[in-house]
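Observations on the three-dimensional arrangement
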Amino acid sequence: MKSRTVWASALALAVTLTPLLETMAQDGIILITARRQGDTGISTTDLDDVKGPGQISPGDTAMHSFLGDNGHSCRLVVVNAINPGAFYGGGTIPGNPAGFLTPGGASNVKLVILTAAASTADNPNLTSFSIPTMTGEFGIIGSAGNGLQMYAGTGAGNPNAAFLLTNASPAIATNALYMTVTAAGKLHPIMQGIPLDAADRVKMVRDRYPGEDNTASFGGKANYEFWWVTAGASAPAAGTTVLATQSSAPTEPCFSVADIGGVLADSSTNSRRLVHLPFGEQSTGYSRRSFNCLSDIGKVIFLRAAKWAMGETLTPYVPLGVIQTSMVSPTKLELRWTGSTAKNYKVLGTTDLGALSTTWQTVVQDIPGVAGVDAISVKLDISAGPQYAFFRVMPVP
């Protein structure tokens, strides 16, 4: 009996929570562009690269899946399809942005996410469609070519090696995983309620998983690959609000927005909400897995940025809260928490609090969300459990 009391006491202190993602509205399609090299009639560059990742960019497909898990229909098309100056479909069909982006019917596009896995020149100018746009492509956040004009100067954007994290990176400096939120960022709806540390930082990049860095043994590309996308030394346009800078380069914006009506770098008036994302997939020669390396709270911020861009009203981010733990009987423990009816939940457990999250085991899943304070509960049978264990509750998706 004494050992069970100690076990329950340990659990009471060890239960933790992962971030709560907000479900997006259902109306409208999110269009995500893919590399033109995915169309083998145009190029076999990716097809012929035996080390991978082949004809997809894992980060773009992961983004598509993530947005779908959170309630939005998405469409992934090669960027040439919306570029009137290019061809797709084996290089025979001219790009037709109007055919993809004209509002109406099931194809109504509420948000365009321009892939950073494409070459800068492949991204078209879509200003005339006035559709909210997000991108982590360093070459188009500024005033070069078909740039979004969020920063002055054609040199805006900094993809240099100092902003690349991979398996091969030496011990990664702490600042390399974080962005530092500005005073304006703290007040912006996207970031309100997002927990920051004492230095006003938020961890955007997760740690490497065990085994994720073994590709050198097999000759493949790095599975852990994250590219920070900063604006370098380029000045923000008058209508651009810098929400955060990269923590290891505190003068370089990495996350910014431009609202409708603001003045852009070319002195034009902005007609759509724009978001400079802090990350991007790089193109030929890389594994293109930046989105896959976002932390949980990084994905929350990405989702809130998408919601803001589409004009949704954001409420401050609120974590799930404290889990109440109680002993029901000598063999049963109850966990109770406040959650959301928009989510299901699962309980993960481990005997090693220092273990990486990927090694935690699922104890219970498919727990429906219920409205009300401490309204969600689950009873765990601990009769065959170890003396000490640790649990965490996770919203799904």
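So, a few notes on the structure that sits alongside this text.

**Details of the pairing of strand E17 (residues 344-350)**
Across the 7 residues that make up E17, a large majority, 5, are buried. The pairing of E17 with strand E18 (residues 361-368) spans 5 bridges and is classified as antiparallel. Pairing of Asn 344 across the sheet is with Pro 368, part of E18. Of the strand pairs in this sheet, E17 and strand E20 (residues 390-396) are connected by 7 bridges, and their pairing is antiparallel. Within E20, the position partnered with Thr 350 by the bridge is Phe 390.

**Considerations on the sheet that holds strand E10 (residues 201-203)**
One open sheet accounts for 9 strands, arranged E3-E2-E6-E7-E14-E13-E12-E9-E10; its pairing is mixed. Because the sheet does not close on itself, it has two edges, and the strands there are strand E3 (73-78) and E10. Going across the sheet, the axis of each strand differs from the next one's by a mean of 25°, ignoring polarity. As paired elements, strand E13 (residues 249-258) and strand E14 (residues 274-276) share 3 bridges and run antiparallel to each other. Along E14, the bridge assignment pairs Val 257 with Val 275. Contacting strand E2 (29-34), E3 and strand E6 (109-114), helix H2 (residues 58-69) runs over the sheet at an angle of about 160° to E3.

**Re the side chain of Glu 312**
Mapped onto the elements of the fold, Glu 312 is located in the loop between helix H5 (296-309) and strand E15 (324-329). By relative accessible area, Glu 312 is classed as buried at 18%. Here Lys 307 takes part through its side chain, which lies 2.9 Å from a polar atom of the side chain of Glu 312.

**Here we look at the packing of aromatic side chains**
Enumeration according to the criterion identifies 10 aromatic pairs in this entry. With a centroid separation of 5.3 Å and 70° between ring planes, the pair formed by Phe 226 and Trp 228 is classed as edge-to-face. Both residues of the pair, Phe 226 and Trp 228, belong to the buried class. Centroid distance Phe 226 to Phe 279: 6.3 Å. Interplanar angle 40°. Geometry classified as tilted. Within this pair, whereas Phe 226 is found in strand E11 (residues 225-227), its partner Phe 279 is found in the loop between E14 and H5, the two being separated by 53 residues in sequence. Phe 226 gets classed as buried once you look at its relative accessible area, which sits at 0%. Of the aromatic side chains, those joined through ring pairs into one cluster are Phe 66, Phe 226, Trp 228, Phe 279, Phe 291 and Phe 302.

Definitions and limits used
Residues numbered from 1 in each chain as written. Predicted model: local features only at pLDDT ≥ 70, side-chain atom pairs only at ≥ 80, totals over all residues. Heavy atoms only, no water. Buried < 20%, exposed > 50% of the residue type's maximum accessible area, 1.4 Å probe, protein only. Helix = DSSP H or I, 4+ residues; strand = E, 2+ residues; numbered from the N terminus. Pairing = 2+ DSSP bridges. Axes fitted to C-alpha atoms, helices over the stretch in contact; angles between N-to-C directions. Contact = heavy atoms within 4.5 Å. Polar contact = N/O pair within 3.5 Å; in protein donor to acceptor, adjacent residues only side chain to side chain. Phe/Tyr/Trp six-rings, centres within 6.5 Å; stacked < 30°, edge-to-face > 60°.

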